[in-house]
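# Understanding the architecture of this molecule
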Amino acid sequence: MIISRPLSKVCLAGLCLGLSVSALASTPASDVSADIRRTTFGVPHIRAADERGLGYGIGYAYAQDNLCLLANEVVTVNGERAKYFGPEALTLEQRDNLSSDVFFTWLNTPEAVSAFWQAQTPEVRDLINGYVAGYNRQLSERVILPAQCDNASVRPITAQDLVKLTRRLLVEGGAGQFAEALVAATPPRATAGIKTTAGSFEVAAERMQRFALDRGSNAVAVGAERSQTGRAMLLGNPHFPWVGGMRFYQMQLTIPGKLDVMGAALPGLPMINIGFNRHMAWTHTVDTSKHFTLYRLELDPKDPTRYLLDGQSRALDKKTVTVDVKQADGSLQSVSRDIYSSVFGPIVQWPGKLDWDNHVAFSLRDANLQNDRVLQQWYAINQAPSLDALQASVNRVQGIPWVNTLAVDDQGQALYMNVSVVPYVDAAKLAACSDPRAGLELILLDGSRSACGWAVDPSAAQPGIYPASQLPQLRRDDYVQHSNDSAWMVNPKAPLTGFSPLISQDSQPLGPRARFALQRLSQPGAISVSDLQGMVMDDRVYLAGLVMPDLLQACASAPRSLAPLCASLKAWDQQADLDSGIGLVHFQHIMGQLLEVADVWRVPFDPADPQHTPRGLNLSQPQVLKAVHEALLASAAAVAETGLGADVTWGEIQVVSSGGQQTPIHGGPATLGVYNAMQSVPGQDGKREVVSGTSYLQTVTFDEQGPKAQGLLAFSLSSDPASRYARDQTQAFSRKQWQPLPFTEAQIKADPEYQTVQIRGELKGGL
């Protein structure tokens, strides 16, 4: 029933159809209900009397806006893509369906899903069961499905499906990056049941390298000492994919007297991942901590499916995974694959890197496979009334999978926590058990000795991980910041040092986004909300300030044919804004090559001055000057090949497409120090299509009435191109128009787009 202003002529996406459910079916028992109020951009503010009703409202609203997205992810995590779409088609992650299915069938066994469910609190179970009922009700109300998912794979979901989605999220920073390697692992002389190509591993390697870029983030927490208003302030700027299972959804969740929180959540999660409540605001950034280790197994010379542990021969465990595969004639055929494991985890095989031969094999141990606390963790954060309460819950539950946490509260302090699920391998064990030639990018331990297993601390929330007391945490009255570097320089006045390399590495070069942030934050004077917003929306290319004088100097000795290119560099505003010129494109090409050149920096990195080094191009070295000229020539050729004109602007090149329309997107590569980081891939006619980057934006401060928040969901609320909420926030982001986020009842009801509906139903199901 409608309990507010009349609906506009253009209904909310799916809402008008939803209101007619009584005409389609008999009214169910009214044992669960929720109010769904929508404000500008369709943002849902969901209110219910308990977790069951709240989950019901969340699932219903999410299905209105993103039914096809969730349906696609459910098929994926159930290992059923090849069943419906064939084995060779690709997932959004460019993984073939058959490999994807084998991996997720291995990951989400009935035993693992059941164990995860049994570990949940009653409140979390109620949220999940409610979400399932709400989603399924919305699905049942649709007379036809959207074109993008009008196929046989779409079905009502279950609580098991949401558990599987959560487990997929958990391994994003570990086993999920090795899916092809896990599926491909085959004993020597055996024939693989599923063939993988060199190309699939090249894509997997690119995906692994892009993990921190596609799922990066910026965050700044300002304490009362530096705040212009004397109140703490937070900037949350996560960089996440614009499509698929990591696409944020914006909402507010309210249980009167118990919960009132607003922000953004990942698909299938009935709680807020990044956001704010009445007294506290928080955000996350992808950390550099290790969440898995590899183990080098010494194989039994008599049998490559046996390995030696403490001198004793042990058989690898073998489990057969079977998936259904659609054939050319439409019939289904079962395909089986044997997955082998040691006590340290599944065997992974990566040609040329992790080869399984007659002598060695490699196991992967992912700490987050045993993390059944993640949903409880975020629900505890959602309810935290203060910084003390947030910090206490994270230290106690230890459910954060692979991100840092930055937060502020209305008492004026700023907090940084690198408290995630990290294998307990200290420096001494690393020295005794790892091969130094392997480096620290991937931790490779000796799998022939049980002494090289992860240490167990009884104070940790999970066997084999570091207790929170040994992980980096810092409270400040001035500020903390993070942009996907280690914990070392979150505030230069209080360096965080002395941790295991699996946790945080100090004395390493900072990324250019972190250097940009520290440059801005070190400027004298108080920091305002507009300063924080400007860090993102100014679209400065930090790296240009370090090298542009040298590039222009190199231009003076370059071939005369490069004069137009050099002129474009000189005219460029050193931004990644919509009206920035072709010089930005040339700068990207040039620096992409130069950053791979040895000794390219005039002033090399100095651990004693990480904020200002390295800098300048080492043009006094002939090989560097030659490399610069070669990079200039290569860029001129590349731009000529795309057909881009000399007067083209960045806004005409970088776009996002939806419903046959394109929206220009500002921002640029994180590798160049663009705080408003955007990952885009080549499209047609020289254009670039955004695939990830700035996603949910929020700035939050406080006054006597509570939180004062502004924000945007850069890719908009709905992934359905036909929805009125598919492009509206994207257009606002393109125009750099932050939106006030209504939080109190008065603010919600005063919103000019305010609409509300109450849904009632019957709650069934569960595991």
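See the structure shown above.
Summary of the structure given here. Bear in mind that the values here come from a model prediction, so they are computed numbers and not experimental data.

## What to know about helix α15 (residues 512-521)
Summarising burial for α15: 8 of the 10 residues are buried, a large majority. Residues P512, R513, A514, R515, F516, A517, L518 and L521 constitute the buried set of α15. Where α15 is buried, its residues contact β3 (217-222), β4 (233-241), β20 (479-482), α16 (529-537) and α17 (542-555).

## Examining the environment of V397
Inspection of the secondary structure assignment puts V397 in helix α13 (residues 387-397). Of the residues examined, V397 reaches a relative accessible area of 12% and is grouped as buried. Note: C-alpha distance between V397 and I582 (185 residues apart in sequence) is 50 Å.

## With respect to the packing of aromatic side chains
With the rule as written, the count across this model stands at 15 aromatic pairs. A ring pair is formed by Y62 and Y249, whose centres lie 4.8 Å apart and whose planes are at 70 degrees; its orientation type is edge-to-face. In this pair, Y62 sits in helix α3 (residues 51-77) while Y249 sits in strand β5 (residues 249-255), placing the two residues 187 residues apart along the sequence. This pair shows no difference in class: Y62 is buried, exactly as Y249 is. Aromatic ring contacts, followed pair by pair, group Y62, Y131 and Y249 into a single cluster.

## A closer look at the side chain of T701
In this fold, T701 is placed in strand β27 (residues 696-703). T701 sits in the buried class, given a relative accessible area of 8%. A distance of 2.9 Å separates a polar side-chain atom of T701 from the backbone oxygen of A232. Look past the residues within four positions of T701 in its chain and what remains in contact with it is T229, R231, A232, M233, V529, G706, P707 and K708.

## Details of the sheet that holds strand β14 (residues 345-346)
If you trace the 3 strands from one edge of the open sheet to the other, you get β12-β13-β14, paired in antiparallel fashion. Strands at the two margins of the open sheet, each flanked by one partner only, are β12 (317-326) and β14. The pairing of β12 with strand β13 (residues 332-342) spans 10 bridges and is antiparallel. Counted as the bridge partner of T320 is D338 from β13. The strands that helix α5 (residues 97-107) touches are β12, β13 and β14; relative to β12, the one it contacts most, it runs at about 135 degrees.

The rules behind each value
Residues numbered from 1 in each chain as written. Predicted model: local features only at pLDDT ≥ 70, side-chain atom pairs only at ≥ 80, totals over all residues. Heavy atoms only, no water. Buried < 20%, exposed > 50% of the residue type's maximum accessible area, 1.4 Å probe, protein only. Helix = DSSP H or I, 4+ residues; strand = E, 2+ residues; numbered from the N terminus. Contact = heavy atoms within 4.5 Å. Phe/Tyr/Trp six-rings, centres within 6.5 Å; stacked < 30°, edge-to-face > 60°. Polar contact = N/O pair within 3.5 Å; in protein donor to acceptor, adjacent residues only side chain to side chain. Pairing = 2+ DSSP bridges. Axes fitted to C-alpha atoms, helices over the stretch in contact; angles between N-to-C directions.

Purely spatial values, then, with no claim about function.
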